[in-house]
Structure formats: structure tokens, C-alpha cells
Amino acid sequence: MDKLLTVTLLRRIVQLTAFVFFVYGAMIFTTFYTGDKLTQNLPALSCAYDMKGGDFCALIPLQHQMDHRVSTLFTQNAGMMEALMGTLITIGTVAVLILILNKAFCGWLCPLGFFQDVFTMIGTKLGLTQLGSLSRETVNKIRPIKWFIFPVLVLILPLLTGIGFLGHEWGNPYCSICPSRIMTTAMTGDMNQIYISQANTGYFILSLIADLLFGLMIALALFVRQPFCRICPILPMQTLFKKIGLLRLVKNGNSHCDTCSSCVKACPMDIYEIQNQAENKNITHSDCTLCGRCVEFCPHDGVMSFKYGPIILLSSSKEGFKKRTKIDKWWKG
Amino acid sequence: MKKTALMLFIAATLWGYGDGAIYWAPHGCDDGKKTASKHGGHGKGESAMFTLMNTEANAHAHLILPDLSEQNLTFKRTTVMLPKPSMGGYYAMVAKGYDTNATFSAMRYLSLQGRPAKVSPTKLTALPKTDLEIIPDPLHREHDRYSASKSYRFLLHFQGKPLINTAVTLETHDTPVQTYTTDQTGAFSITLPNDFKNVQVGRSENKPSEFLLSTQHRDGEHLYKSTLTMPYSLNPNDFWQSQSYGAGAIFIGFLGGLVFYRRTKKGAKNG
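Treat the numbers as computed from the prediction; the structure is a model and nothing was measured.

**Concerning the overall build of chain B**
- The number of helices and strands found in chain B is four helices and 18 strands.
- Residue burial in chain B is summarised as follows: out of 271 residues, 49% are buried.
- Across chain B, every contact between residues at least 6 apart in sequence was considered, and the portion connecting residues at least 24 apart equals 60%.
- Summing over all exposed atoms, chain B offers an accessible surface of approximately 14000 Å²; the carbon and sulfur share of this is 52%.

Dropping the structure here:
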């Protein structure tokens, strides 16, 4: 058993448990009603449309607050506190959650992240050629998309809807295209979220994007690691608070780092910056999901480590690297 | 007079239903809507006024708030106007009427916005409110609604205990009465009918309808009759949303991914 005991195995167990809780939690615990949810502001894509879910992500309350509350600043001359209180509570809750687990919400708890991981495992076992790392150029082209989605789809369009510039369909445009909405509901047997709307052009476009994106994500996940995570608006939201996160990726590099690049090859988000020289520095990148693969696959003692506050939780080692590469070879056949 | 007649006409979408049992119906008059909009907490276009149908003079009603406290409701003829909601969450409207050998009860739940009460709605539904009670298991979630073509589960309790093998009828505006029977746990499930007519494209263009669940139970000489009424909305998937097109779009997206796979595989082979 010790031979198989790795961070990845531990992560898979945590991911599976989190998936069951976030997708089916209301069937097990008393978390059906919104008021009974754990946080209602999770920095991970657990969907509010899933009626059996244990909790839901912060993006839906953010969009609703922009549409129905923040907009009253402009439409009804509402007081600042009345208009902004809900948003401040959401942001405050997200900040506290990031303080506790930082970006590990993505790598360890997000149901959509796990769903994609499962498809990558299926693709590997089906013998599909895995793409490995995307090129630096491709990564640089993809990265800005999430920085567009978060402010535009989560904040600006819902706010403009609330003010009255746009139709109701733009009140929660991110949820309308989110693959987690389709995935989590479908996983509970509810197929109502798979549709093309003919209500108007806006609804039609959003529903079409949602379905195409969901299909594309599944196909890509068979041979590309974390395809949707690369454009997920949760990452920019987390990035606002990542500096305060107690859990972080720390690098204390040595001269081998320039030529090795094992960490980059292991990284499912293709963060090339982690191979840069760093001396006892927090290198938790905006795209990082704190999955820990770079720590597992670093062949140098103490170069990469997971720290929680001052405590080192896991550190890279030659022994760990040997064990991990052996398991990886066995898994890939 | 004209206004009163119009009010009565609009008031109850289930007028004349319920087989003599009392039941709640929203009163669609301007006063109810104006009050609701002044109160805040209600949805757009909702009324704060409700009519207790088939009622006799001896009926009384109260409201159970989300924190489980109670507030009496005062009848003006057969209507009650809800007070301004003091907190957000589920409210239960309870009405009771008595006859010599019969007890009538009517239930309705409302989800109103406001500062959350921090008491789980499961406690409100679990709280025994009438002798014979139809209990949503669960209620639709906050911000959600009962929708046509979907199934929902309910429990039937008599004096706090499950009532088995008992008939419960479902009535809506345009569908013949359907009868369900409770199972060994006192539970039953209904599927709300898709019986909306003159449907306009867009959810906000179509007003919700009402469904009425009613049941009765005889305990010795005494008859108990109970009802639950709730609004339900049309299901867009029955009208302007196509699920087969949706599945088709997912398939096209999937194919797009496979095309990308072939291209990357070729690229890898060619170095």
C-alpha cells in the first residue's frame, strides 16, 4: 500500500469525496435549502442548479448581487451599504475560504476539475495519445480568456442588466454557459439543463455556447489536462486573495532548475514560470490549482514544497520522485 | 362594483375546486399587488392578499414565520392581507375551520426575501401545523419554483404520524383530477401537468398557475379534510427550449474536440 501512497492518490480520494458532497450532498446531509448550504460562496464550480448539491459556487451570488443589488445604486439611488452588503459578504466569505485553503479549492475540491481528471484518466486508459504540455505560446494565448470572463460575464453584464441596459438573459451569463451547470445536474439524472433556447437571440447564443463548450470540454479532457480550468473565472477571483492564503507552493531552487523542467511537465496547467529560479519564494501562480504534482515530480531534495503557514506539509525528494515516476509509468502502461 | 367583480374573477385560478375543502388562492387585485410591492420581499407582480376558498365564518388563520414564531392573520370577508415580511425565508399560511363533525385545514408556503432567519426550512415543514397535513418533501428550493412536467414528493401526516394507503387528489386549472395513493411511509409523488395555454415565449411572459392537493381522513365519527395549494410555472423545455437540439450541440462540441485531437496527433507524428 505504501508503494501506492502518493499525493495524487490522496488528492483523488479527497476529490471523489468532495464530488459526492458537492453534487449529491443534499441527499446525504440536510443541505437542500439555500439557507442550509455550507457556505453558498464556494470558490469552486459546484453548481446551484444542482438541486441535490451540498454547496454552491460564489459566482452565482456575485452575478445576482450585481443584477439585483449593486445596480440599485444607479436605478433607485439606494444606500451604499444596502446595495453592496451582499457582495461584501460574498467577497469576505471567499477571502476567508482562500485564507484557509487557497487555490486548493480547484485542485482538490472542485467537482468540475475532478470530472475532467476522470476523463483524462479514461483517455489514458483508452490509449489516446496525451497532448502532454501545451506550448508556451498556446498557454499565453489562452490565459487572458479567464481575465475577460470574470469581469465581463460575472460582473459587468449582470450589472448592466440590473441597470436596464440589457435583457434578462444577461443577468447571469456566466452560469448560462458554465459546463458545471450541465455536468452536476446531469450527474444527478436531471437533464433539464441540456437545451437550446429559442426565447431570443441572447438566450439562443448563451445556450448554444454552453452545450458546445460542454461537449468540447469532454472531448478535450480525453487528451488535454484540465481544458476548462484554463479559462475558469474562479481563478481570477481566487487570485485577488491568493497572497493571504496559508497554503502555498514554495520554491527554493538550485542550479539544476534551469535544465530540468520536470515540474512544468508535471503541471496540469502548464505553468512555465514554476521552473524559474526562486529562493524560498511563494510561487503560487494565478493559474496554479495547488494539485501538488510539481512537488511530487521534482527530483531534487527540498526544492519544491507545500507550506501551510510556517509548516512544511510536503517537500520534494529524490525518493519521492523515483516512486512517483514508477507509478506514472505503471499507470500509463 | 366593477372592480370587485374583476377582482373576484382574477382572484382565484382554482375557483370552485377542492370538493368543499377550504384552500388558499392568491388574490390578484391591485391592492394585494401594491401592498406586496410596498412590503418588498415578494416576487415581481406577486400579491400579498390571499383568499380562503370554500370557507365558513368560523375559520381562522395564522402565519408561521421562518423562525417558527406565529402571527395571526385577520380575515376581511374571506381574504387576508399578509403583513410586511420581517425576515427572509419560507412562511407557512395555515387556515383551520371547524364543523360539528369535521375539521378543515388549508396550507400554503411562501418564499419571501429578506434578512435570513437562520432556521432551516426543514424545521418549518416538519413542524406539525394541522391534524391532517400534506407536507412538501421537500419544498421547492429558494429562488426555484414548482414547474410543469416535473415530479415532486409529498408526505401525508395525521396527528404527526404518516398516513398510509390514503388517496390524495391533484387538481389544476386545465387537467382532470388525478388521484395518488400514499405508500407505506405516507409518501406520494406527483407530476405536475403541462397544461398551460396561450403560451408566450419567455418565462416572465407567462403567469404561474395553481395546483391543489386535497385529502381527507375519517377518525371515528370525525372527518378531517386538508389541502395544500402552491403556484407552478410552465417548463420552458415543453415550449421554447429544445433538449434534443441541446444534446445535438453537445455532440457537435464533442466532435470538434475529436477533430482537434486528430490534428494534434498528426502534428505530433510530423514532429
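**Quick word on the overall build of chain A**
- A tally of regular secondary structure across chain A gives 15 helices and five strands.
- Scaling as 2.2 N^0.38, a compact globule of 333 residues should have a C-alpha radius of gyration of about 20 Å, and chain A matches this with 21 Å.
- For the C-alpha atoms alone, the extent of chain A along its principal axes is close to 60 × 45 × 40 Å.
- When each of the 333 residues of chain A is scored for burial, the buried share is 57%.
- Total accessible area on chain A stands at roughly 14400 Å², and carbon and sulfur atoms take up 67% of it.
- On chain A, the mean spot of the 30 positive side-chain charges and the mean spot of the 20 negative ones are 8 Å from each other.

**Here's the deal with the pattern of salt bridges**
Residues and elements named next belong to chain A.
- All chains considered together, the criterion is met by 15 salt bridges over all chains.
- A salt bridge links R225 to D270; the nearest nitrogen and oxygen atoms lie 3.5 Å apart. Of this pair, R225 sits in the loop between α10 (201-221) and α11 (234-239) while D270 sits in the loop between α13 (262-266) and β3 (281-282), and the two are 45 residues apart along the sequence. Accessibility assignment for this pair places R225 and D270 in one class, buried.
- Salt bridges sharing partners connect three or more residues here, namely R143, K146, E273 and D287.

**Quick word on the packing of helix α2 (residues 59-70) of chain A against helix α4 (residues 80-101) of chain A**
Residues and elements named next belong to chain A.
- Where α2 contacts α4, the axes come no closer than 9 Å and their chain directions differ by 175°. Taken together, α2 and α4 sit at an angle that is classed as roughly antiparallel. The residues of α4 that touch α2, namely those facing P61, L62, Q65, M66, R69 and V70, are E82, A83, L84, G86, T87 and T90.
- Its residues assigned to classes, the contact of α2 with α4 shows six nonpolar, four polar and two charged.

**So, the packing of aromatic side chains**
- Inspection of every chain in the model, using the stated rule, returns 20 aromatic pairs over all chains.
- Centroid distance Y33(A) to Y90(B): 5.8 Å. Interplanar angle 70°. Geometry classified as edge-to-face. In this pair, Y33(A) sits in the loop between α1 (7-28) and α2 while Y90(B) sits in strand β7 (residues 89-98), so the two residues belong to two different chains.
- Clustering of aromatic rings is evident, with ring pairs tying together Y146(B), Y152(B), F154(B), F188(B), F196(B), F211(B) and Y232(B).
- Against the face of W331(A) rests K125(A), its NZ or CZ located 4.3 Å from the ring centre.
- Taking NZ or CZ as reference, R181(A) lies 5.9 Å from the ring centre of Y49(A), over its face.

Scoring rules and cut-offs
Residues numbered from 1 in each chain as written. Chains lettered and ligands numbered in written order. Predicted model: local features only at pLDDT ≥ 70, side-chain atom pairs only at ≥ 80, totals over all residues. Heavy atoms only, no water. Helix = DSSP H or I, 4+ residues; strand = E, 2+ residues; numbered from the N terminus. Buried < 20%, exposed > 50% of the residue type's maximum accessible area, 1.4 Å probe, protein only. Contact = heavy atoms within 4.5 Å. Areas by Shrake-Rupley, 256 points an atom, 1.4 Å probe, with all protein chains shown as cover. Rg over C-alpha atoms; globule rule 2.2 N^0.38 Å. Lys, Arg positive; Asp, Glu negative; His and termini not counted. Charge placed at Lys NZ, Arg CZ, Asp CG, Glu CD. Salt bridge = Lys/Arg side-chain N within 4 Å of Asp/Glu carboxyl O. Axes fitted to C-alpha atoms, helices over the stretch in contact; angles between N-to-C directions. Parallel < 35°, antiparallel > 145°, perpendicular 65-115°, else oblique. Nonpolar A, V, L, I, M, F, W, Y, C, P; charged D, E, K, R; others polar. Phe/Tyr/Trp six-rings, centres within 6.5 Å; stacked < 30°, edge-to-face > 60°. Lys NZ or Arg CZ within 6 Å of the ring centre and 35° of its normal.

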